[in-house]
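# Descriptive analysis of the structure
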Amino acid sequence: MRKFLSFALITGLLFTACNNDDGPDTPEPTGQEPLDTVNVVSQDFIWKATNLWYFWQQDVPNLADDAFTTTEDYTDFLASESDPGALFDNKLRFAEDRFTFYSSNYKELTQSLSGVSSSNGLEFGLVRFNTGNDLFGYVQYIEPNSDAAGKNIARGDLFTGVDGQALTLDNYIGLLFGDNSTYTLNLATISNNTITPTDEEVTLTKQAGFQSQPILMEKIIEQNGRRIGYLVYNQFLDEFDTALNEVFGRFKSEGITDLVLDLRYNPGGSVLTSQRLASMIYDNSTDRVFSKSIYNDKYNAFLTAENVDVNRYFQDNVEGQALNSLNLSQVYVIALRSSASASELVINSLVPYMDVIHVGDTTRGKNEFSTTMVDDVNSNFGPYIYNPERENEINPDNQWAIQPLIGRSANADGFFDYTSGLIPDIVLEEEIDDLGVLGDENEPLLKAALDAISGVSAKSGRTTPRMPINDFSTSKMNGPTKDNMYVKRLPAAMRPSE
């Protein structure tokens, strides 16, 4: 049985460097070994992982290194919640934490971080009717090669019900995000600012193992003597970074003068991909700081004592292939409230180096990053950090995974205070009756960016009263990855011996 060690003793005994150049040892998790007579293996894993890595560990009394003095106390605490997720939510989650999530099946969680899930390919927003409980949905876009792509439904279509039931705050999760693989949308129309249900229906079926495509659209627009690259990028998936690099290779070979990066529906994803994307836009010099990482007090003390570099840098390659950089001095980014985490990271991290013109609305405000943790205390990526090559080492009696927030990102200037969102330079909201066609030069948000590039005063051509969209939720916010920004492993200087 592991003896309990106070934090003072841990810092004295465990915060030591390893004997090779791969990186330092990491602190070991503290706590007791729970009594064998009580089945709390999953709760034990979640406590120990968050005690070591959780960004707010020092702010949660139940995660203190000296929270429990006996095995019995520790076991009773773990057993107080039969659901491991409830243990985190009710007794370990910090009040300001909006984004940590977990899964009882680590394989499903890790697949979802690669864009693989059960999906019908319909991406939509949900809006409240005024201040009541009723909701309506609007189609943002359709994933290519999905079930929805073959159905009579398109961007801008509205729906007010599912399977004959009107959408409300009380039932939308079960109707749209439940276990049902097939559902029927009851469509609606809009006229004179009024949304009215129709008799039209569309039945959609979720495909198991559906692979999302983050690069929805790329094109070159020639306007007023400028060659403008336009990219609709909807999720940061590092599995598609080679394809992303090829897009920038085409932009580069075509000699584009400007770039409009459309992140309006991008909730985030891989930090590594955000580094690469920023490098494709600005510069591939690997000595430039992309972002600075801030961890919890425990890990910060260890890193400071060991003088470990916690910075992330711009990139010069993608899986061994030279990274295509446009070396631009300015970029136009379309971003809305649904733009989060890695999308905001790209914007914030480019600001010290170039002009970033943000078109749209205030973003979500997520400056923390997470990593996937499973019951593998000896992982060579760091205790509990998921390594796909070590799946045989994961505790077979515990399939739970947790995606805790472990750090906060600042740009090269040290700025990270955007939890209320990044404020646009050109304010323009999407409107329910005038979404436009993505990629069309008259689509309102793209037009605003193109007008700014050309030096033309933006004219929306809209009539009043307006119907701006104020999303209550979106399909992605209720998806398996939500608005997660994640790292799959620590930088080399921070990893333990491998």
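Residues numbered from 1 in each chain as written. Predicted model: local features only at pLDDT ≥ 70, side-chain atom pairs only at ≥ 80, totals over all residues. Heavy atoms only, no water.

## Points about the pattern of salt bridges
This structure, assessed with the given rule, holds 19 salt bridges. With a shortest N-O distance of 3.1 Å, Arg 155 and Glu 430 are connected by a salt bridge. Residue Arg 155 is located in the loop between strand 4 (135-142) and strand 5 (158-162), and its partner Glu 430 is located in the loop between strand 23 (426-427) and helix 11 (444-454); the two are separated by 275 residues in the primary sequence. No difference in accessibility class separates Arg 155 from Glu 430, as the two residues are buried. A salt bridge links Arg 390 to Asp 376, with the nearest nitrogen and oxygen atoms 2.7 Å apart. (Salt bridge = Lys/Arg side-chain N within 4 Å of Asp/Glu carboxyl O. Helix = DSSP H or I, 4+ residues; strand = E, 2+ residues; numbered from the N terminus. Buried < 20%, exposed > 50% of the residue type's maximum accessible area, 1.4 Å probe, protein only.)

## Regarding the nonpolar core
One recurring pattern in soluble globular proteins is that nonpolar side chains are buried together. Formed by 72 residues in total, the largest nonpolar core has its most connected members in Phe 248, Leu 259, Leu 277, Ile 281, Leu 350 and Met 373. Here this core gets six residues from one element, more than from any other, and that element is helix 2 (residues 41-53). In this structure Leu 350 touches Ala 278, Ile 281, Tyr 282, Phe 314, Val 331 and Val 356, once residues within four positions along its chain are discounted. Membership of the second largest hydrophobic core comes to 30 residues, among which are Tyr 265, Tyr 332, Leu 445 and Leu 446. (Core = buried A, V, L, I, M, F, W, Y, C linked by side-chain atoms within 4.5 Å. Contact = heavy atoms within 4.5 Å.)

## Let's talk about the packing of aromatic side chains
Summed over the entire model, instances satisfying the criterion amount to 28 aromatic pairs. Ring geometry for Trp 47 and Phe 68: centres 5.9 Å apart, planes at 65 degrees, overall edge-to-face. Taken together, the positions of Trp 47 in helix 2 and Phe 68 in the loop between helix 2 and helix 3 (71-79) put the pair 21 residues apart, joining distant regions of the chain. Here the two residues Trp 47 and Phe 68 agree in accessibility, since each one is buried. Ring centres of Phe 290 and Phe 314 lie 5.7 Å apart, and the angle between their planes is 90 degrees; on these two criteria the pair is classed as edge-to-face. With a gap of 24 residues between them, Phe 290 in strand 14 (residues 289-294) and Phe 314 in the loop between strand 15 (311-313) and strand 16 (317-318) connect regions that are remote in the sequence. Per residue, the accessibility class of Phe 290 equals that of Phe 314, and both read buried. In this structure, Arg 312 is placed above the aromatic ring of Phe 369, and the distance from its NZ or CZ to the ring centre is 5.9 Å. Here the basic side chain of Lys 366 rests over the ring of Phe 99, its NZ or CZ set 5.0 Å away from the ring centre. (Phe/Tyr/Trp six-rings, centres within 6.5 Å; stacked < 30°, edge-to-face > 60°. Lys NZ or Arg CZ within 6 Å of the ring centre and 35° of its normal.)

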